[in-house]
Amino acid sequence: MFSEEKLNKVKEIIARYPAGKQKSALIPVLHLAQEEFGGWLSAETMDYVASLLQIKPIEVYEVATFYSMFNLKPVGKYVFEVCQTGPCMLRGSDNIIDYIKKKLDIGVGETTKDGLFTLKTVECLGACGYAPMMQLGKHFREHLTPEKVDAIIEECRVKAN
Amino acid sequence: MGRKLLFDKAHIEGIRYYDVYRANGGYGSAEKALRSMTPDQVLDEVKKSGLRGRGGAGFPTGMKWSFIAKPEGVPRYLVCNADESEPGTFKDRYLMEFIPHLLIEGLLISSYTLGCNSCYIYIRGEYAWIPDILEQAIAEAKKNGWLGKNIQGTGFDLEIYVQRGAGAYICGEETALIESLEGKRGNPRIKPPFPAVKGLWDCPTVVNNVETLAAVVPILRIGGEEYSKYGIGKSTGTKLISACGNINKPGVYEIEMNISVEEFIYSDEYCGGIANGKRLKACIPGGSSVPILPANLLLKTAKGEPRMMTYESLADGGFATGTMLGSGGFIVLDEDQCIVKNTLTFARFYHHESCGQCSPCREGTGWMKRVLQNIENGKGKMSDIDLLWDIQRKIEGNTICPLGDAAAWPVAAAIRHFRDEFEWHVLHPEEATKRNYGLAHYADPLQIAAPAAV
Amino acid sequence: MAEEKKLFKVKIDNISVEVEPGTTILNAARRIGGDIVPPAMCYYSKLQGSGGKCRTCLVKVTKGSEADPRPMPKLVASCRTTVMDGMEVANITSPEVQEARKGVVEFLLLNHPLDCPVCDQAGECHLQDLSYEHGADTTRYEFKRRTFDRIDIGDKIQLHMTRCILCYRCVFTADQLTEKREHGVLGRGEAAEIGTYIQQSLDNNFIGNVIDVCPVGALTDKTFRFKNRVWFLKPVDAHRQCEDPKCCGKTVLWMRGDEIFRVTARKDQYGEVEEWICDTCRFDKKDVKDWVIEGPRKIDRHSVISQGHYVGVHKPKDTLVEVLDGRQPKLLLDIHNISEVNRPEIDLSKIDGPAHSDDFNKK
C-alpha cells in the first residue's frame, strides 16, 4: 500500500491526462511502485497498481514485462547496470564487466549472497561519449575504470551499513 | 570557430536556471511569437528556415506541422520525443540537462503554432535525473508566467508534463511512443492513420525530437530566412553531433552543416583526432542504425569529393558507398577495433529492442545475432556470411516500423564494406579470438592520420 | 434508393474488381478469390485491430492510384492497406512478393517445433498450409529453438506457447468477446509470449473461441486432445437452441459414427469463424441428442479433411488464365510422349481391381 503522500503523487500524475485516460499513468506509477516496494514488482504490487488505475491486471503485466527497467524478480540493494553496446564496447566495457564479475564473484544477472549487489548488462543508455559506463540507481557512473568500480563498491558498502 | 545557434550561451554559468536564461535573452523568441505573430506566421518562418527533423529521419518540420488535422472541438497535442536511445546518440540529454529552458521555450512556441494546450515530454526512463531538472525548469517558467493559463496576458494556455519511459528503444518511434504514453506496450502502430490525424488518444498529434523543438527558438530569433543561410543546400542550420568511440574528445558538438567530416574528426575544435595516435578504420556517423563506412569512403565520396557533415553529402552514393546523417550519433572506430564484434553488439541491441510484433524482426534479429556470435567466436562458416546477407535483406522493408531496417542496415553495410574481415574470421577462427584483423586496405588512400613515427 | 456510392476500381494481378472505398487490398482480393488471395496468418476480419503483424500478406503496389500513380516504395501489408481508385497490385505476379513471403514463412517457422505428427491442429493448421504453399523445403536455422512449458488455461483449453506465432488473435478475441480479458502478450521481442502471468484459468463463456481463431496448434481443445485426427472425423453441420443469447448455436460437429469428438464454430473458406459459439455448446454438448443435424459440412477440396468424403466439394477457383491476360499456359512437355505408362486411352476406372503393368502393355 502506498503512503498518503505517494497516493497524492499518483493523483497528481493521473491529473496530467484527460479524464478517463488514467491508464496513461501506468508507467510512472509502476516506477513509483518499484521504488517503494523493494526495487521490484511482485504480482501483488502489479495488482495493486491495476486497482489504483482501475484497469485489468493483465494490462499491467503486459506493460511491466515489456519495459526493461521493471524488475520482475527481487534484486540486490544496488544494481549495477553496465552498458555493453557498440560505443561502450569500443571503450572496453567488456573488461569492466569481467572485472565486476570477478570482484563480486557473481555472474551477469546474479545477486551477491549478502543481497547487496546485482550485476546486469544492459543495452545503450545514452552516455556513449562517457564510456564505459553503468547506471546505479537514479544516476549514471561514467568513464569507468577498475579503480572507479572499486570506489563505487566501497561507497555502496559504506552506505549500506 | 563555427557559428552556434543552440549552444551559443551554453557556457554561461547558471544558464540552467530561469533568471540567468532570461537575462541572456531567453524567452525573447517566445515573446516575439506570442505577442506579435500569428501561428501561421510562425509556421511560415519554420518553413522558410528549412529545418529538418533532428531525430534521425530528417523530415521537414514545417511540412510535418502543416499536416496536423484541425477538427473542431478536438484537442491537439505536441509530444516531445526525448526517448533518445539510438546507440551513439546522447545530444538531447546534454541539451535537457544544461539548457532546459531552451527546450521549454521551443515547446511553448511550437505549441502556440500548432494550437496545443497540453504538451508531453516523453523522456527515456534511464535518464532518471533529468525529469527533475525539467520539472524544476517548468515550475520556474510557470512562476514567471511562461506556462499555465493566459501566458503573458496573451490568452494562450499551455501545460507541459514530463513522462518517463521505462527502457524501450522502440518508444523512440513516434507511434510506439504514443502507445507508451497511453500506458501500453510500445508496439508501433500501422500507418496510416498518421499521428497528425489520429495520434495520442486518437487526437491530432505532432511528435518532434528535442533538438528540433529547441531549434525553433533561434529560428524565431534570427528569422527563418537567416537560419536557412546556415549550412549547405537543404541541410540548413546547425546540428548537434554526439561524438564517441576512439576519439580524443568525445562529447556533444554543435556544428554548422558546412564543415567536412575530416575537419570534424581531426580538428581540435571538435573530436581532436583519433585517440592514442591510432589510425581511423571506420565510422558510423549517424547512430548505430546507419551504414558503417570504411575510412576511405568516409572522408571522400566515391566521386572523390570531400564528404561534408550534411544530410546530402553523407548520403552521397546511396547505401553502396554512402551512409546517413541520422540522429548525429557519431561513432568512430580505430584500427584496433573488430568490425564483426561491433556488428554483433548492434545486432544484439536490435534483438533486445525488437518489440516482437512483426515476424521478420522478431525472429530475424535473434537469428542474425546468433550467426554473428558464431562468426565472432570462431565457429562461423563461409556460408554464414551469405546467410546473414539474406536474413537482413528479408527483414529490411518488410516490417511495420523502421526498427527492422535499423537492424538490417548495420549488418548489410558491415558485410558490404568489410567482407574480407568476416571471411578472415571464418578462415582463422583460432587467431580471430586472439587478435583483430587490423586496418587492411581501408585507409590506404588516406594521407592523413598516419601513426606517430616510431 | 440511397445515393449510390462511387466504387473504386482496383487491379490485382491483372484482374479487375470494383470495391467500396475503405476496403483493404486483401478483402478486394478475396472478392476476386482463387490463388491471387494473399495468405493471412494474423488478420481476422471479425476482430477489430487485427492484422499487420505476421507480414505474410505483403503485396506490391505497382500503381498507387489514378490520381497519384507512383508505386509504393515498400511492400505493404494487404490486410491493413486500403485501396485507392485505380490502384494496381501485384501478388502472385511479383517475384519480389513471392521472395519476401518465402522469407516470412522461414521466420515464422524458425522457432516453430514442427511437431505436426503430435499436434491436434495438423490437418487444419494455417501454418502448415502456408509452409506447403510458400515455404522452402528445408531450414537454415541451426540454433536451439525457443520452447515453453505447456500451460492449462482452465480445464478446457491448453496453451502450447512453443507453437505460437504471436498473431495476437486470441488477445483480440478475449478483449472483444468477453468482459474480462485475463491473458495477453507478455515480454518483448523474441521472448514475447501469450500468457496470464500468474497462473490463471480463463473463465468466460466465450473464451473457447480462442481455439478457433488460433491459426496454429498453440491453443487447443483439451476435451479433444489426442482423441483423433481431424481428417478421420466427419464434419457435420448442426444447431441447437442455445440458452446464451449471444451464442448462435450453429456449429460443426466432428463425428465418428454416433460419437461427437468435438464441436467447433463454422468456418468460411479463409478459415474464419462465421459466427461465435459459447463454451457450453463447444465443450459440454457432446451427445447427438443435444443437436439438430443439418447435413455434411462442405469442405474445400484442397483440405486434407476432405479426403474420404466428397459430398458437395468444389474445386478452388483457378485464376491462372486471367492472371495471364487470357493467354493459355503453354504445355512444355506432354508426359505421354515419353512415357509408356498412364496412357490417356487407358481408362483406369474401367480396369477390374488394382492396375497391373500388363494393363499398359497392350501394344
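By the naming in an unreviewed UniProt entry, chain C goes by NADH dehydrogenase subunit G and is assigned to Chitinophaga filiformis.

As annotated in an unreviewed UniProt entry, chain A carries the name NADH dehydrogenase subunit E and comes from Chitinophaga ginsengisoli. Word for word, the UniProt comment on chain A under Sequence similarities (unreviewed entry) is "Belongs to the complex I 24 kDa subunit family."

Draft legend 1. Structural detail: the overall build of chain A. Scanning chain A for helices and strands turns up seven helices and four strands. Its helices and strands taken in sequence order, chain A reads α-α-α-α-β-α-α-β-β-β-α from the N to the C terminus. When burial is assessed residue by residue, chain A has 57% of its 161 residues classed as buried. The contacts in chain A between residues at least 6 apart in sequence include a share of 58% that link residues at least 24 apart. For chain A, the accessible surface area stands at approximately 7000 Å², while carbon and sulfur atoms represent 51% of it.

Draft legend 2. Quick peek at unusual backbone geometry. The amide bond that connects Lys191(B) to the next residue, Pro192(B), takes the cis arrangement and shows omega of -10 degrees. Following the sequence through the fold, Pro192(B) ends up in the loop between helix H8 (174–181) and strand E4 (205–209). Unusually for a residue other than glycine, Leu166(C) sits at a positive phi of about 55 degrees. Relative to the helices and strands, Leu166(C) is located in the loop between strand E7 (157–159) and helix H4 (169–177).

Draft legend 3. Quick look at the interface of chain A and chain B. Tallying the contact residues gives 40 residues for chain A and 58 residues for chain B. Across the interface of chain A and chain B, roughly 3900 Å² is buried in total on both sides, 57% from carbon and sulfur atoms. In terms of surface lost to chain B, no three residues of chain A exceed Arg16(A), Phe66(A) and Leu90(A), which account for 17% of the buried area on that side. In this assembly, chain A and chain B are joined by five salt bridges. As a salt-bridge pair, Arg93(B) and Glu142(A) come within 2.7 Å of each other at their nearest N and O atoms.

Draft legend 4. Quick look at the pairing of strand E2 (residues 118–123) of chain B. Residue and element names in this part refer to chain B. In terms of residue burial, E2 counts as a mostly covered element, since six of its six residues are buried. Side chains of E2 alternate between two faces, with Ser118, Tyr120 and Tyr122 and Cys119, Ile121 and Ile123 buried alike. Where strand E1 (residues 77–82) lies against E2, six bridges are found, and the strand directions are parallel. Its bridge partner being in E2, asparagine 81 is matched across the sheet by tyrosine 122. One ladder, built from six bridges, connects E2 with strand E3 (residues 159–164); its direction is parallel. The partner of serine 118 across the bridge, within E3, is glutamate 159.

Draft legend 5. The sheet that holds E1(B), seen in detail. Residue and element names in this part refer to chain B. With parallel pairing, the four strands of this open sheet are ordered in space as E3-E2-E1-E4. With partners counted over all chains shown, the strands left at the sheet margins are E3 and E4, one partner each. The sheet shows a mean angle of 20 degrees between the axes of neighbouring strands, taken without regard to direction.

Draft legend 6. Structural context of the confidence of the model for chain C. On average, residues of chain C score 88 in pLDDT, and 94% of them are at 70 or above. Interface confidence in the predicted complex, given as ipTM, is 0.95; pTM for the same model is 0.91.

Draft legend 7. The domain arrangement of chain C, seen in detail. Residues and elements named next belong to chain C. Under the domain assignment, chain C is made up of domain 1 (17–107), domain 2 (142–226) and domain 3 (228–326). Using only C-alpha atoms to locate each centre, domain 1 and domain 2 end up separated by 28 Å. On the domain 2 side, the residues contacting the eleven residues of domain 1 number ten residues. Counting the surface lost from both domain 1 and domain 2, the interface buries some 880 Å², and carbon and sulfur atoms represent 64% of this. Between the two partners, domain 1 and domain 2, sit zero salt bridges. Inspection of the domain 1/domain 2 interface yields four residue pairs in polar contact (both at pLDDT 80 or more).

Draft legend 8. Broad picture of the sheet that holds strand E8 (residues 251–256) of chain B. Residue and element names in this part refer to chain B. Spatially, the five strands line up as an open sheet ordered E8-E7-E11-E9-E10, and their pairing is mixed. Where the open sheet ends on each side, the last strands, each with one partner, are E8 and strand E10 (293–294). Where strand E9 (residues 280–284) and strand E11 (residues 329–334) come together, four bridges link them in antiparallel fashion. Residue leucine 280 lies in a different strand from E11, and its bridge partner there is aspartate 334. Sheet strands touched by helix H15 (residues 339–353): E9 and E11. Its angle to E9, the strand with the most contacts, is close to 15 degrees.

Draft legend 9. Fine view of the UniProt feature "binding site: [2Fe-2S] cluster" (unreviewed entry) in chain A. The positions UniProt marks with the feature "binding site: [2Fe-2S] cluster" (unreviewed entry) are Cys83(A), Cys88(A), Cys124(A) and Cys128(A). In terms of the greatest pairwise C-alpha distance, the residues named above, spread along 46 residues, form a tight cluster of at most 9.2 Å across. Mapped onto the elements of the fold, Cys124(A) is located in the loop between strand E2 (117–122) and strand E3 (134–136). Contacts of Cys124(A), omitting those with residues within four sequence positions, involve Cys83(A), Thr85(A), Ser85(B), Glu86(B), Pro87(B), Gly88(B), Arg124(B) and Phe349(B).

Draft legend 10. Seen up close, the interface of chain C and chain B. Listed per partner, the contact involves 32 residues of chain C and 35 residues of chain B. Carbon and sulfur atoms make up 48% of the area that chain C and chain B hide from each other, which totals about 2900 Å². In this structure, the connection of chain C to chain B is made through eight salt bridges. When the shortest N-O distance is used, the salt bridge between Glu142(C) and Lys381(B) registers 2.7 Å. The interface formed by chain C and chain B holds 23 residue pairs in polar contact (both at pLDDT 80 or more) in total. Of all the elements in the fold, those that place two or more residues in the side of chain C that touches chain B are helix H2 (95–110) and strand E8 (184–186) of chain C.

Draft legend 11. The arrangement of a nonpolar patch on the surface in detail. A grouping of Leu332(C), Leu333(C), Ile335(C) and Ile338(C) is seen on the molecular surface, where their side chains present a nonpolar patch of about 490 Å² in accessible area. Within the secondary structure layout, Ile338(C) lies in helix H8 (residues 335–338).

Draft legend 12. Representation of the packing of aromatic side chains in the model. Per the counting criterion, the structure on display carries 39 aromatic pairs over all chains. Pairing Phe349(B) with Tyr350(B) gives two aromatic rings, centres 5.1 Å apart and planes at 90 degrees, and the pair type is edge-to-face. Three or more aromatic residues joined by ring pairs make a cluster, and in this case those are Tyr17(A), Tyr77(B), Tyr120(B), Tyr161(B) and Trp201(B). Here Arg124(B) stacks its cationic end above the ring of Tyr127(B), 5.5 Å away from the centre of that ring.

Draft legend 13. Structural detail: the environment of Gly28(B). Residue and element names in this part refer to chain B. Mapped onto the elements, glycine 28 comes out in helix H2 (residues 28–36). On the basis of relative accessibility, which here comes to 29%, the residue glycine 28 falls in the partly exposed class. A sequence separation of 331 residues divides glycine 28 from serine 359, and the C-alpha atoms of the two residues are 50 Å apart. Other than its neighbours up to four places away in sequence, glycine 28 contacts Arg22 and Glu105.

Draft legend 14. Up close: helix H9 (residues 210–222) of chain B. Residue and element names in this part refer to chain B. With eleven of 13 residues buried, H9 lies mostly within the body of the structure. Three or more residues of H9 are buried, namely Val210, Glu211, Thr212, Leu213, Ala214, Ala215, Val216, Val217, Pro218, Ile219 and Leu220. Between the side-chain oxygen at the start of H9 and the backbone nitrogen of glutamate 211 there is a gap of 2.9 Å, and the oxygen is on asparagine 209. Two residues or fewer past H9, glycine 223 is found with a positive phi of approximately 95 degrees.

Reading guide: rules and limits
- Residues numbered from 1 in each chain as written.
- Chains lettered and ligands numbered in written order.
- Predicted model: local features only at pLDDT ≥ 70, side-chain atom pairs only at ≥ 80, totals over all residues.
- Heavy atoms only, no water.
- UniProt positions renumbered as here; feature names shortened; annotations may be inferred.
- Helix = DSSP H or I, 4+ residues; strand = E, 2+ residues; numbered from the N terminus.
- Buried < 20%, exposed > 50% of the residue type's maximum accessible area, 1.4 Å probe, protein only.
- Contact = heavy atoms within 4.5 Å.
- Areas by Shrake-Rupley, 256 points an atom, 1.4 Å probe, with all protein chains shown as cover.
- Buried area = accessible area lost by both parts, 1.4 Å probe.
- Salt bridge = Lys/Arg side-chain N within 4 Å of Asp/Glu carboxyl O.
- Pairing = 2+ DSSP bridges.
- Axes fitted to C-alpha atoms, helices over the stretch in contact; angles between N-to-C directions.
- pLDDT = per-residue confidence, 0-100.
- Domains from an automatic or database assignment.
- Polar contact = N/O pair within 3.5 Å; in protein donor to acceptor, adjacent residues only side chain to side chain.
- Patch = residues over 30% accessible without salt bridge, like charges linked within 9 Å, V, L, I, M, F, W, Y side chains within 5 Å.
- Phe/Tyr/Trp six-rings, centres within 6.5 Å; stacked < 30°, edge-to-face > 60°.
- Lys NZ or Arg CZ within 6 Å of the ring centre and 35° of its normal.

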